[in-house]
Each structure stands twice: as structure tokens, then as C-alpha cells.
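Listed here are the chains, written in short residue letters.
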Amino acid sequence: MSEDLFKRLVSHCKEYGFIYPSSEVYEGLNGVYDYGPMGVELKNNIKEYWWKAMVQMHDNIVGLDSAIFMHPKIWKASGHVDAFNDPLVDNKDSKKRFRADVLIETEIDKMLAKADKEVEKAAKRFGETFDEKMYRETNPRVMEYIQKAEATEKRLANALKLGDMADLKALIEELEITEPDTGSRNWTEVRQFNLMFSTQMSNTGDDGKLYLRPETAQGIFVNFLNVQKTTRQKIPFGIAQIGKAFRNEIVARQFIFRMREFEQMEMQYFVRPGTEMEWYAYWKEKRMAWHRAVTPAEKLRFKDHDNLAHYANAAVDVQFEFPFGFKELEGIHSRTDFDLSSHSELSGKKMQYFDPELNEHYTPYVVETSVGCDRMFLTVLSNALVDETVPDAKGEDSTRTVLRIAPALAPVKCAVLPLLRNNEELVGKAREVYDSIKLHFLCQYDEKDAVGRRYRRQDAIGTPYCVTIDHETLENGTVTIRERDSMQQERIAIADIARIVSEKVDMAKIL
Ligand code: GAP
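Because the structure is a prediction, the values reported are computed rather than measured.

**Focus on the overall build of the chain**
Of regular secondary structure, the chain possesses 17 helices and 23 strands. If you line up the chain on its principal axes, its C-alpha atoms span 80 × 70 × 55 Å. When burial is assessed residue by residue, the chain has 50% of its 511 residues classed as buried. Put simply, of all contacts in the chain between residues at least 6 apart along the chain, 66% involve residues at least 24 apart.

**So, the environment of Arg191**
Turning to its location among the elements, Arg191 is positioned in strand E6 (residues 191–194). Separated by 105 residues in the primary sequence, Arg191 and Asp86 have C-alpha atoms spaced 8.3 Å apart. Among all residues touching Arg191, those that are not within four sequence positions of it are Asp86, Pro87, Leu88, Asp90, Arg97 and Met165. Only 2.8 Å separates the side chain of Arg191 from the side chain of Asp90, close enough to count as a polar contact.

**What to know about the sheet that holds strand E19 (residues 414–418)**
An order of E20-E19-E21-E22-E23 is seen for the five strands of this open sheet, with the pairing classed as mixed. Whereas interior strands pair on both sides, the edge strands pair on one side only; in this sheet they are strand E20 (443–445) and strand E23 (489–493). Pairwise comparison of adjacent strand axes, ignoring direction, gives a mean angle of 25° for this sheet. Relative to E20, E19 runs parallel, the two being bridged by three bridges. When the sheet's bridge partners are listed, Val416 is paired in E20 with Tyr445. The sheet strands contacting helix H14 (residues 424–437) are E19, E20 and strand E21 (465–469), and the helix crosses E19 at an angle near 165°.

**Notes on the packing of aromatic side chains**
According to the stated counting rule, one finds 23 aromatic pairs in the structure shown. Measuring from ring centre to ring centre gives 5.4 Å for Phe257 and Phe324, while their planes differ by 75°; the resulting arrangement is edge-to-face. Taken together, the residues span a long stretch of sequence, with Phe257 in the loop between strand E9 (237–246) and strand E10 (261–271) and Phe324 in the loop between strand E12 (314–322) and strand E13 (325–336) at a distance of 67 residues. When its relative accessible area of 4% is taken as the criterion, Phe257 is described as buried. Through a chain of ring-to-ring contacts, three or more aromatic side chains come together here, namely Phe6, Tyr33, Phe255, Phe257, Phe320, Phe322 and Phe324.

**Focus: the site of the ligand**
In the region of the ligand, 20 residues are neighbours, and Glu215, Met259, Glu266, Glu328 and Glu368 sit closest. Between a nitrogen atom of the ligand and a side-chain N or O atom of Glu215, the distance comes to 2.6 Å. Here Phe257 contributes a backbone N or O atom positioned 3.4 Å from a nitrogen atom of the ligand. Protein coverage of the free-state accessible area of the ligand, which is 560 Å², stands at 93%. Looking at the shell around the ligand, the elements that each hand over two or more residues are E10, E13 and strand E16 (365–372). No other element matches E13, which puts six residues into the shell around the ligand. Of the residues in the shell around the ligand, the class split is five nonpolar, five polar and 10 charged.

**Considerations on the pattern of salt bridges**
All chains considered together, the criterion is met by 47 salt bridges. Asp82 is the partner of Lys76 in a salt bridge, and the nearest nitrogen-oxygen pair spans 2.8 Å. Here Lys76 falls in the partly exposed class, since its relative accessible area comes to 43%. The structure contains a network of salt bridges with shared partners spanning Glu388, Arg400, Arg404, Arg456, Asp459, Arg482, Arg484 and Asp485.

Reading guide: rules and limits
- Along each chain, residues carry numbers from 1 onward, in the same order as the chain's sequence is written.
- Totals for whole chains, interfaces and linings use all residues, but because this is a predicted model, local features are given only for residues with pLDDT of at least 70 and pairs of side-chain atoms are given and counted only at 80 or more.
- Computation of side-chain values covers all heavy atoms of the structure but excludes hydrogens and water.
- Counting from the N terminus, the helices are DSSP H or I runs at least four residues long and the strands are E runs at least two residues long.
- Residue burial is assigned from relative accessible area. The probe radius is 1.4 Å, only protein chains are included, and a residue is buried under 20% of its type maximum, exposed over 50%, and partly exposed in between.
- By definition, residues are in contact when any of their heavy atoms lie within 4.5 Å.
- We define a polar contact as two N or O atoms separated by no more than 3.5 Å, with the added condition that, inside protein, one atom must be a possible hydrogen donor and the other a possible acceptor, whereas residues neighbouring each other in sequence contribute only through side-chain atom pairs.
- Pairing between two strands is assigned when DSSP locates at least 2 bridges connecting them.
- Each axis is a line fitted through C-alpha atoms, taken for helices only over the stretch in contact, and angles between the N-to-C directions span 0 to 180 degrees.
- When two rings of Phe, Tyr or Trp (its six-membered ring) have centres within 6.5 Å they constitute a pair, described as stacked for plane angles under 30 degrees, edge-to-face for angles over 60, and tilted for the intermediate range.
- When we say a residue is near a molecule or strand, we mean one of its heavy atoms is within 4 Å of it.
- To measure how exposed things are, a 1.4 Å probe is used in the Shrake-Rupley method; for residues, cover is taken only from the protein chains shown.
- Lys, Arg, Asp and Glu make up the charged group, whereas Ala, Val, Leu, Ile, Met, Phe, Trp, Tyr, Cys and Pro make up the nonpolar group; the residues left over, Gly among them, are polar.
- Just to be clear on terms, a salt bridge is a Lys or Arg side-chain nitrogen sitting within 4 Å of an Asp or Glu carboxyl oxygen.

Without other data, these values stay purely geometric and don't point to any function.
As C-alpha cells, then:
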């Protein structure tokens with residue numbers, strides 16, 4: 001999907017009530033969005049898909065809904081107060097803010113793109129005899145681009161690891177990085193910027209400073225013993241949670257990809273120390289299968305972290321090919337015993353597990369899966385939005401915009417349409433049909449405009465089935481049911497609509 005189509009997606013989301021910019025009447029609030037009537041349905045379905053896959057399908061995973069406000073010491077123990085930073089740099093001329101690491105990464109991408117271009121040109125020149133691997137390994141110009149990219153990547157990773165802001169500034173200067181809009185090279189020093197939002201609560205002691213959680217995971221860690229004791233789970237077991245997280249991103253952009261308020265679906269899996277790599281491999285495979293059930297495999301890939309976070313001994317991203325390239329959709333992290341040990345240390349409360357099989361106490365290790373609900377939403381829509389021509393149709397009916405969303409995730413499952421709006425009998429029957437099936441799944445009743453137009457409206461919000469009530473319905477109790485993707489229609493009995501649609505939109509189809 002091109003950048004143009006991405007713009008189409010953003011405007012489609014607004015036009016059909018999926019997503020609105022927050023506080024729009026006041027010119028909006030950067031990096032914050034509201035989900036409209038269609039958006040909230042799709043988002044709820046995504047959450048249900050995740051919850052069922054994690055909690056319902058595993059008898060050793062249980063749910064939690066912990067508060068957003070937590071004791072401020074939690075963020076000290078987790079390392080977020082000291083280390084949840086991004087390197088910030090301002091351009092003195094344009095007065096715009098940037099993430100220094102992103103500026104450098106963009107430059108690395110440009111080097112690799114130059115190498116790819118050389119390879120592409122050579123492939124055209126040599127035709128079928130072209131050996132790409134050999135060319136990449138021997139052509140001096142291609143090698144130079146690749147080596148420079150690799151060396152820069154290494155230096156960037158090292159500077160980030162050491163928190164060496166001066167070296168990031170040096171890299172920006174050496175690479176002659178310019179401000180994208182103005183071309184200015186007038187940069188400030190690079191400095192660390194903590195991403196946590198803070199607020200004030202009375203009666204908490206100290207200065208009353210609280211943080212809005214930047215991840216839901218810590219609510220799980222501090223409830224580890226509560227949950228283990230009340231559910232009598234034995235290791236290995238998991239705790240799953242869906243909830244809001246907040247990050248004061250230096251640059252929030254690309255629509256709902258990077259927001260300041262967003263939702264995470266996280267699961268912490270507590271395991272015996274020494275077995276974490278087996279579980280890490282298990283969850284990598286499980287999570288990829290979950291994605292592949294609704295996303296083409298070629299649009300997904302794993303990318304190991306170059307730079308491990310302070311708590312991890314292994315980490316990988318599931319990347320999706322968003323309209324702006326392959327980017328992180330989900331993180332799978334082996335978090336060791338870092339979090340539980342840190343909370344034990346700072347709180348003075350032991351957070352250990354007694355393993356009856358080994359007859360010993362230990363601090364469990366943790367494998368985490370963490371997927372952004374909003375990024376999953378963007379993934380579903382990026383996969384689904386299609387503009388296509390309709391065979392054998394004329395005029396404005398000859399093209400359509402359709403959201404090919406998996407039926408189980410679609411916001412509305414079935415639309416009920418009387419053929420004519422000014423025929424009392426048809427309208428009455430359609431209302432009756434609508435009332436009889438709305439108990440089973442979300443339906444829409446629509447009588448405005450010609451039926452063709454109504455089909456297009458339903459296609460645009462991804463409704464998998466449309467049921468039309470016509471004169472034959474009044475005679476023999478049958479309706480036409482139209483399937484969104486094939487546009488095929490067939491006649492079925494009113495009494496069968498609920499069963500047929502329920503089967504097709506059942507979450508079990510993708511679980
Ligand atoms: N508990 C681990 C954790 O929070 P992360 O990689 O920082 O790990 C996990 O975040 C997921 O949360 C990401 O893969 C992404 O899908 C989502 N996410 C992170 N920051 C986000 C943001 N600013 N806007 C939208 N989604 C975000």
C-alpha cells in the first residue's frame with residue numbers, strides 16, 4: 001500500500017466513523033485519537049480475539065484489570081524513572097523536535113536504499129544471468145553503502161546502550177543530517193527525555209507525584225502473588241491484561257501507529273528459571289500464528305532486537321508491513337526475573353513461588369507478549385481496504401471501496417435492507433427480521449437510498465452479510481443474503497439467517 005493509499009485509509013476512518021482526531025473542535029490534540037461507532041466495535045472485536053486466544057484457550061492463563069494509577073515506587077523499581085528515555089534533539093531554526101535515534105535510523109535506511117537501487121539497476125542490465133548475492137558481496141559501491149550502514153547501526157546501538165548523547169550528536173553532524181522540511185543543520189545538543197507523563201495525587205506522601213502507566217505489565221508484576229494465591233496456579237502460568245498506557249512520545253505520528261495514549265494487550269508468563277528460552281520460542285510461534293490467522297504471512301516477519309532493554313535476555317518484534325514499511329506490531333520479551341526481583345527489593349516483600357515439584361522457593365522468570373491494540377487495528381484496516389472495479393456494473397456502481405475484514409472482527413455482522421422504503425409491508429417485515437436477529441450479533445437496519453448504494457455503504461464498513469427483504473419475502477418467507485467479498489447472492493429462509501451468519505462470523509473460525 002502506498003503513502004497515498006495510507007492517506008485514503010485515514011480519511012476513510014473519519015468518513016465512516018472508525019477514528020476521529022481527538023478534540024477536533026479545538027484543532028485537535030497531537031498524538032491522541034477517538035474511536036467512533038465503527039471503530040469501537042472493531043477494537044472490541046480485536047480485544048475479544050486476543051482475550052479468547054490467550055485466556056479462554058489456555059487454562060493456565062488468567063485475566064487482570066489493574067488500575068492505571070500505581071504507587072510511584074513501582075516505576076522506580078521497574079527502571080522507568082531512570083531509563084525510560086528517548087534521545088531528543090531540537091532544530092534551532094525550525095524549532096521542531098526530533099528523536100535523534102530516528103533521524104540516524106532514517107539515514108541508515110537511505111544508505112541501504114541506495115545499495116538496493118544499485119542492485120536493481122544491475123539486475124536490469126544483466127538480465128537473467130544476474131547473481132544478486134554475488135553482486136552485493138563484490139560490487140565496491142554496493143559494499144560501501146552496506147558497510148557504512150552497518151557501521152552506523154552498530155555505533156548507534158552502542159551510543160544508545162551507553163546513553164552517550166554526545167556521540168549521537170557527533171553522528172548527526174558526521175552524517176550531515178538535515179531537518180527534513182527546511183534542510184537546516186542547526187541542531188541543539190542531544191539530551192535524554194523521559195517518556196512518562198506525571199500528575200499529582202493528594203495524600204500519597206512525598207510530593208504526591210504519580211505517573212500514568214507507560215505499560216500495563218507492571219500492574220501484573222505487582223499482583224503476581226495475589227493472582228497466584230487466589231487462583232492456585234502452578235508454574236508455568238500467565239496473567240493477561242488489556243488496558244491503556246501513556247507515553248509522552250517526542251514525535252507522535254503516522255496516525256494511530258504512535259500515540260501518546262494507547263492500549264496494550266499484554267501477557268506475562270511466569271516460568272521456572274532456566275526454561276525461559278523454551279517458552280520464549282513457544283510464545284514466538286503462538287503469537288505469529290495468531291497474527292497469521294488474520295494477516296497474510298508475507299506481510300509479517302520477526303525482527304530480533306539489536307539493543308536489548310535493561311530487563312531482557314532475549315527480545316523480538318513481530319513486524320507488519322504497514323503502508324510506511326515494516327514496523328513493530330508486537331514485542332515478545334524474555335524479561336528474566338528483573339521485575340519481580342526489583343519489586344521485592346524495593347518493597348521489602350518477597351515475591352517468590354514455592355515449586356512443589358522441586359520443593360524449593362524461587363523468583364520466577366517471565367516471558368512477555370505485548371501487542372498494541374491500536375497497531376493491530378491499523379494492521380487489520382491496512383490489510384482490508386481495497387478499491388476495486390465491479391464486473392458487469394455500470395456508472396457509479398462500477399467501482400466500490402470494500403473493507404475485507406475477517407468476518408469475526410467486522411464491526412457490523414449483518415445489514416437488513418427493505419427493498420423499498422415507502423412500502424409499509426416491506427419495511428414492517430424488515431424491522432421484524434432485524435429484531436429477530438439483533439440478539440445474536442450486531443446488525444444495522446438501513447432503508448435510505450437505492451439498495452446498490454446501501455450495499456456500498458456496508459462494503460465500506462466491512463459488513464460481511466446483507467439481507468434484503470423483497471416482495472418474494474412476503475410470499476414465501478425467504479430473503480436474499482449477499483456476501484461482501486464475492487457479492488454472490490442466494491435465497492435463504494428467514495428462520496436460517498441467525499444460524500448461517502452466526503456460523504460465518506464465529507470467532508472460532510480464526511482462533
Ligand atoms: N511491556 C512491554 C512493552 O511495553 P513495548 O515494545 O514498549 O513493550 C509493546 O510496547 C507494544 O505496545 C508495541 O509493540 C506497540 O504495539 C505498542 N505501542 C508502544 N508504544 C506505542 C505508541 N506510542 N502508540 C501505539 N502503540 C504503542
